[in-house]
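So the chains spell out like this:
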Amino acid sequence: MSIFRNRAASAAIVAVAAGALTLTACGGGGGSSSKDNSKTKDDAKAQSKPVVIGDAKASTGPAPEVPGAKPGGVATVYQEGDFSHLDPGQIYVSDGKLLSRLIYRGLTQYDEDDQGNLTVVGDLATDAGKVSDGGKTWTYTLKDDLKDENGNPINSADIRHTIERLYASYITDGPTYLQQALSGAGTTYRKAYAGPDKGKHLPKTVLDTPDDKTIVFHFKEAQVDLPQMLTMPGYSVVPEETDTKEKYDNDPVALGPYKISEFKPGKSMKLVKNDKWDPKSDSVRHQYVDGFDISMNHDDEDQTKTLLADQGEAKNAMMFTGQVATTQLQQVVGNKAAMKRTIQGYAPYVWQLNFNLDRVKDKKLRDAITLALPSASVFKADGGAYGGEVANSLMSPTTPGYDEAFDPFNRKGKPNGDIEAAKKLIKEGGFEGKKLVYAYGNTPVRQQQAVLIADALGKIGLDIQKKEIDSSTWYEQVGKVKNGYDLYMTGWGQDWPSASTVFPPLYDGKQIQDGASNYSHINDPKVNSEIERIAKITDTTEATKAWAELNEYISKEVNPAAPIYYTKVFQIFGSNIGGIRYSSDSSYVDVTRVFLKK
């Protein structure tokens, strides 16, 4: 899943533009109040634990009460921007995932404990799934009396329709794991079936619904991770009767505890209780508050100042994907009362500088750029020690198989880049003065990082042409195959604790298409064949080892993207918001259990 997150650091832009890097990791400077208490790679390792598969009892609602929780009131949510999609099939960024936890439901979901341990349980289904035929067949049974917000019953035809519409040409931005597993790797699934709009269904040998409550998936290869896969918001249910196809983004139908009552694109959204949601059918979500008022156009600077002040309405306010602003870290971490209103976590995202391999074809040039990148300065612009740390690899510390010792570009020894080594490669390749287009989002932190990166690449003799584009459509724009850019930063995090959710979507050449996540357009025969081979390995330990070895090959032999920094989450909330905790599933606050204390 791609990260959707920006930090405001406008005050720091001036310093960088003047060539004097004044940013410091929070925790620099003296005094116990500024001690670095941020998350570490040990915390990340705890989040790489495999999930547990729950049974029918664990899937039965209602959810256990949150201690001290009270019903009533409306929570305010501050958001920097609009949601890029409301159609579940198109949701593959983190802010959409948080919203989906409140309004959508799928066959399975995660139950999470206070230590971040995840158990897959049935959501609309009675359990996490019954497997047979050596992992090639999975059967799900729907719970009783499920209804959408209009009171229409949900049956197996709705589940079938949800899966089939993912093949339609207008679904371009969501996950493709399930479609590929059912109908062919890469983009071949689109040739196997065009979608349900002309009345045809997937063959029963692929997807069968023998009665109103039963759904059977038939795969050619064992799919051991299907229960985790189906927790993704991209596979949430779109009821057949109310599907408006391309227009579903404008007025989606809820099955979760809340529904959309008012939506002003780019400005605000109001969620109210969905009275057709039955808590007895849901073992995880709660419906404590009467609703959520989501207010957009609040950057992190604005959010942090307002929530730190904790006055009036702000006492009932919270962040979704917002972060404590870089410029206000010291005020927050030095305030004991405010720190009690914060949460922290080690997020799974790896920010990397993608090379468009259709345009940046020489590996020596890519290696030179990778060596020159000032990773430490770039991550410090995004929250200091509380926002991330230097990435030595394209694998996150939260991903099984991560190896801290694998550091092909010496990030540990040269965290701010090795200019001399990079200049040597530039000279050897004759790249002096070469023009490259670097695209970046139009937010303060991306602008600041663009200055840092362009400055470093200028030092090694490259001519960087900066191109600012709209952040609200960032992934849609860089996700186009012919995007017109040479370099651009993207952040990717595992969809569940397995490298199988990192390397196939990002580096499989067979998946290149508009809207796909192979942002570098890498299409290396060995990488493609290894992804296909490793995906068939059912032994988790063996597969994890093989993914780690592939990570090393991609980094050293191809280098399609330069690792820059790993991400951490640091959020603050109003004093009347209860039930807040970090979710290792969403990588932000767990929105399913929020309540107002008074």
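Being a predicted model, the structure only gives us computed values, none of them experimental. (Residues numbered from 1 in each chain as written. Predicted model: local features only at pLDDT ≥ 70, side-chain atom pairs only at ≥ 80, totals over all residues. Heavy atoms only, no water.)

Within the protein, the secondary structure is distributed over 18 helices and 20 strands. Whereas a compact globule of 598 residues would reach a radius of gyration of roughly 25 Å, the protein reaches 23 Å, a difference of no more than 12%. Dimensions along the principal axes, computed over C-alpha positions, put the protein at roughly 70 × 60 × 40 Å. Here the protein holds 598 residues, and 61% of them are scored as buried. Surface accessibility of the protein: about 22,700 Å² in total, with carbon and sulfur atoms responsible for 49%. Separation between the mean location of the 71 positive side-chain charges and that of the 78 negative ones in the protein comes to 3 Å. (Helix = DSSP H or I, 4+ residues; strand = E, 2+ residues; numbered from the N terminus. Rg over C-alpha atoms; globule rule 2.2 N^0.38 Å. Buried < 20%, exposed > 50% of the residue type's maximum accessible area, 1.4 Å probe, protein only. Areas by Shrake-Rupley, 256 points an atom, 1.4 Å probe, with all protein chains shown as cover. Lys, Arg positive; Asp, Glu negative; His and termini not counted. Charge placed at Lys NZ, Arg CZ, Asp CG, Glu CD.)

Turning next to the pattern of salt bridges. Enumeration according to the criterion identifies 21 salt bridges in this entry. For R165, the salt bridge goes to D243, with nearest N and O atoms at 2.9 Å. Of this pair, R165 sits in the loop between α4 (156–164) and α5 (177–183) while D243 sits in the loop between α7 (226–229) and β9 (258–264), and the two are 78 residues apart along the sequence. Its relative accessible area of 1% is what places R165 among the buried residues. (Salt bridge = Lys/Arg side-chain N within 4 Å of Asp/Glu carboxyl O.)

All right, on to empty space enclosed by the protein then. Scanning the model with the defined rule gives 10 cavities of 30 Å³ or more in all. Empty space within the largest cavity amounts to approximately 220 Å³. Along the wall of the largest cavity there are 19 residues; nearest its centre are P348, Q494, D495, S584 and D585. Residues of the lining of the largest cavity, tallied by class, amount to nine nonpolar, seven polar and three charged. (1 Å grid on protein atoms, 1.4 Å probe; cavity = no way out; pocket = protein on both sides within 12 Å on 5 of 7 lines; lining within 4 Å. Points joined across faces, edges and corners; volume = space filled by probe spheres on them. Nonpolar A, V, L, I, M, F, W, Y, C, P; charged D, E, K, R; others polar.)

What follows is about helix α3 (residues 94–103). Counting buried residues in α3 gives 10 out of 10 residues, a clear majority hidden from the surface. Buried within α3 we find S94, D95, G96, K97, L98, L99, S100, R101, L102 and I103. Residues of α3 that are buried make contact with β3 (108–112), β9, β10 (268–273), β11 (291–295) and β13 (342–355). (Contact = heavy atoms within 4.5 Å.)

Within the fold, T399 resides in the loop between β14 (388–390) and α13 (419–429). Given a relative accessible area of 3%, T399 falls into the buried group. In terms of polar contacts, T399 uses its side chain to reach the side chain of Q494, at 2.6 Å. Setting aside anything within four residues of it in sequence, one finds T399 in contact with S48, Q494, S498, A499 and V502. (Polar contact = N/O pair within 3.5 Å; in protein donor to acceptor, adjacent residues only side chain to side chain.)

Read from one edge to the other, the open sheet built from three strands follows the order β1-β4-β3, with strand pairing classed as mixed. Bordering the open sheet on either side are β1 (52–53) and β3, each of which pairs with just one other strand. Across five bridges, β3 lies against strand β4 (residues 118–122) in antiparallel orientation. Bridge pairing in β4 links D111 to T119. (Pairing = 2+ DSSP bridges.)

So, about the environment of K200. Relative to the helices and strands, K200 is located in the loop between α6 (189–192) and β7 (207–211). Each C-alpha atom of the pair K200 and H85 lies 26 Å from the other, and the pair is 115 residues apart in sequence.

In this section: the sheet that holds strand β12 (residues 317–319). As summarised here, the arrangement of the five strands in space is β9-β10-β11-β2-β12, forming an open sheet in which the pairing is mixed. The open sheet terminates on both sides in strands that have one partner only, identified here as β9 and β12. In this sheet, adjacent strand axes meet at a mean angle of 25 degrees when their direction is disregarded. The pairing of β10 with β11 spans five bridges and is classified as antiparallel. Note that in β11 the partner of M269 across the bridge is I294. (Axes fitted to C-alpha atoms, helices over the stretch in contact; angles between N-to-C directions.)

So, about the packing of helix α17 (residues 525–534) against helix α18 (residues 540–558). Close contact between α17 and α18 brings their axes to 10 Å; oriented N to C, the two are set at 170 degrees. Compared by their axis directions, α17 and α18 come out roughly antiparallel. Residues K526, V527, E530, I531, R533 and I534 of α17 pack against A543, A546, W547, L550, Y553, I554 and V558 of α18. When its residues are assigned to classes, the contact of α17 with α18 shows 10 nonpolar, no polar and three charged. (Parallel < 35°, antiparallel > 145°, perpendicular 65-115°, else oblique.)

This next bit is on the nonpolar core. Membership of the largest hydrophobic core comes to 114 residues, with the highest contact counts inside it found for L178, F217, L353 and L462. Beyond its immediate sequence surroundings of up to four residues, L178 is in contact with I163, F217, F219, L226, M229, L230 and Y235. By size, the runner-up hydrophobic cluster in this structure holds 33 residues, among which are M269, F292, Y349 and V589. (Core = buried A, V, L, I, M, F, W, Y, C linked by side-chain atoms within 4.5 Å.)

Relative to each other, helix α11 (residues 363–372) and α13 sit at 160 degrees, their axes nearing to 8 Å. By the angle class used here, α11 and α13 are roughly antiparallel. Remark: the crossing between α11 and α13 carries left-handed chirality. Counted together, K364, L365, D367, A368, L371 and A372 of α11 and I419, A421, A422, L425, I426, E428 and G429 of α13 form the full contact between these two elements. Taken together, the residues of the contact of α11 with α13 sort by class into nine nonpolar, one polar and three charged. (Left-handed = near helix turned anticlockwise from the far one by under 90°.)

We now examine the pairing of strand β16 (residues 463–469). The sheet contact formed by strand β15 (residues 435–441) and β16 spans seven bridges and is parallel. Bridge pairing in β16 links V437 to Q465.

The predicted coordinates of low-pLDDT regions are not to be read in fine detail. Mean pLDDT for the protein: 91, with 94% of residues reaching 70 or above. Per-residue pLDDT stays below 50 along residues 5–33; that stretch engages in 77 contacts with residues further than four places along the chain or on separate chains. (pLDDT = per-residue confidence, 0-100.)

One pass over the structure, following the stated rule, counts 16 aromatic pairs. Measuring from centroid to centroid gives 5.2 Å for Y167 and Y193, while their planes differ by 75 degrees, and the two rings are edge-to-face. With a gap of 26 residues between them, Y167 in the loop between α4 and α5 and Y193 in the loop between α6 and β7 connect regions that are remote in the sequence. The pair Y167 / Y193 is uniform in exposure class, with both members buried. Seen in terms of ring centroids, Y386 and F570 are 4.8 Å apart; in terms of plane orientation they differ by 35 degrees. Their pairing is tilted. With a gap of 184 residues between them, Y386 in the loop between α12 (375–380) and β14 and F570 in strand β18 (residues 561–572) connect regions that are remote in the sequence. The pair formed by Y386 and F570 is uniform in burial state, with each residue classed as buried. Members of the aromatic cluster, connected to one another through ring pairs, are Y140, F217 and F219. One Lys or Arg, R165, reaches over the ring of Y248 and ends 5.4 Å from the middle of that ring. In this arrangement the basic side chain of R446 is found over the ring face of W351, its NZ or CZ atom lying 4.2 Å from the centre. (Phe/Tyr/Trp six-rings, centres within 6.5 Å; stacked < 30°, edge-to-face > 60°. Lys NZ or Arg CZ within 6 Å of the ring centre and 35° of its normal.)

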